Amino acid sequence: MISSSLLRHYQIQAALRDNNIPESELKYIGEIDGSHTYLIAGEHIAKVEDIIGFDEVDDSKGDTI
């Protein structure tokens, strides 16, 4: 059975592959101490186990009333 952290890593990798996400926003920096690790916004290092969720947000739609 696949772990939830490995599944999340695969989800993030697919998003990086399929979308034009700049490295300044999200960058995979490899395995550190056995954990897949990402650099977020060029300043925050996070192990995949520490990433609670990874969902696409569409900011192109304005607020509607």
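Scroll up to find the structure this text is about.
Criteria and thresholds
- Here the residue numbering is sequential within each chain, running from 1 through the sequence in written order.
- Only residues with pLDDT of 70 or above have their local features reported here, since the model is predicted, and side-chain atom pairs are shown and tallied only from 80 upward, although totals for entire chains, interfaces and linings are computed over all residues.
- Hydrogens are left out, water is left out, and the side-chain values use all remaining heavy atoms of the structure.
- Here a helix means four or more residues in a row that DSSP labels H or I, a strand means two or more in a row labelled E, and each is numbered from the N terminus.
- Here, residues are in contact when the closest pair of their heavy atoms is within 4.5 Å.
- Methods summary: accessible areas were calculated by the Shrake-Rupley approach with a probe of 1.4 Å, and residue burial reflects only the protein chains presented.
- Three exposure classes are used, based on accessible area relative to the maximum for each residue type with a 1.4 Å probe and protein chains only: buried under 20%, partly exposed in between, and exposed over 50%.
- The aromatic pairing rule takes the rings of Phe, Tyr and Trp, using the six-membered ring of Trp, and pairs them if the centres are within 6.5 Å, calling planes under 30 degrees apart stacked, those over 60 edge-to-face and the rest tilted.
- At least two DSSP bridges between two strands are needed for those strands to be called paired.
- In this analysis, axes come from line fits to C-alpha atoms, helices being fitted only over the stretch in contact, and the angle between any two N-to-C directions falls in the range 0 to 180 degrees.
- Think of a polar contact as two N or O atoms within 3.5 Å of one another; within protein, one of them needs to be a possible hydrogen donor and the other a possible acceptor, and neighboring residues in sequence only count if both atoms come from side chains.

### A short note on the overall build of the protein
- Helix and strand counts for the protein stand at 1 helix and 3 strands.
- Counting from the amino terminus, helix and strand elements in the protein follow one another as α-β-β-β.
- Looking at the protein alone, contacts between residues at least 24 apart form 29% of all its contacts between residues at least 6 apart.
- In the structure as shown, the protein presents an accessible area of about 5,200 Å², 50% of it carried by carbon and sulfur atoms.

### Concerning unusual backbone geometry
- Positive phi outside glycine occurs at Asp33, with the angle close to 55°.
- Examined against the element boundaries, Asp33 turns out to sit in the loop between strand 1 (26-32) and strand 2 (35-40).
- For Asp33, a relative accessible area of 71% puts it in the exposed group.
- In this model, Ala41 sits at a positive phi of 55°, which is unusual for a non-glycine residue.

### What about the packing of aromatic side chains?
- Evaluated as defined, the whole model comprises 1 aromatic pair.
- With a centroid separation of 5.1 Å and an interplanar angle of 55°, the aromatic rings of Tyr28 and Tyr38 are classed as tilted. Note that Tyr28 is positioned in strand 1 and Tyr38 in strand 2, a separation of 10 residues in sequence.
- Under the relative-accessibility criterion, Tyr38 is labelled buried at 0%.

### Overview of the sheet that holds strand 2
- Taken together, the 3 strands give an open sheet; going across it, the order is 1-2-3, and neighbouring strands pair in antiparallel fashion. Each edge of the open sheet carries a strand with a single partner, namely strand 1 and strand 3 (44-47). With direction set aside, neighbouring strand axes in the sheet form an average angle of 25°.
- Inspection of the sheet shows strand 2 paired to strand 3 by 4 bridges, in the antiparallel sense. Across the sheet, residue Ile40 finds its bridge partner in strand 3, namely His44.
- Against the sheet, helix 1 (residues 4-18) engages strand 1 and strand 2, with an angle of about 45° to strand 2.

### Examining the side chain of His36
- Here His36 is to be found in strand 2.
- The class for His36 is buried, based on a relative accessible area of 17%.
- A polar side-chain atom of His36 sits 2.7 Å from a polar atom in the side chain of Tyr28.
- The residues touching His36, leaving out its near neighbours within four places in the chain, are Leu6, His9, Tyr28, Gly30, Glu31, Ala46, Lys47 and Val48.

Read these as geometric descriptors, not functional statements.
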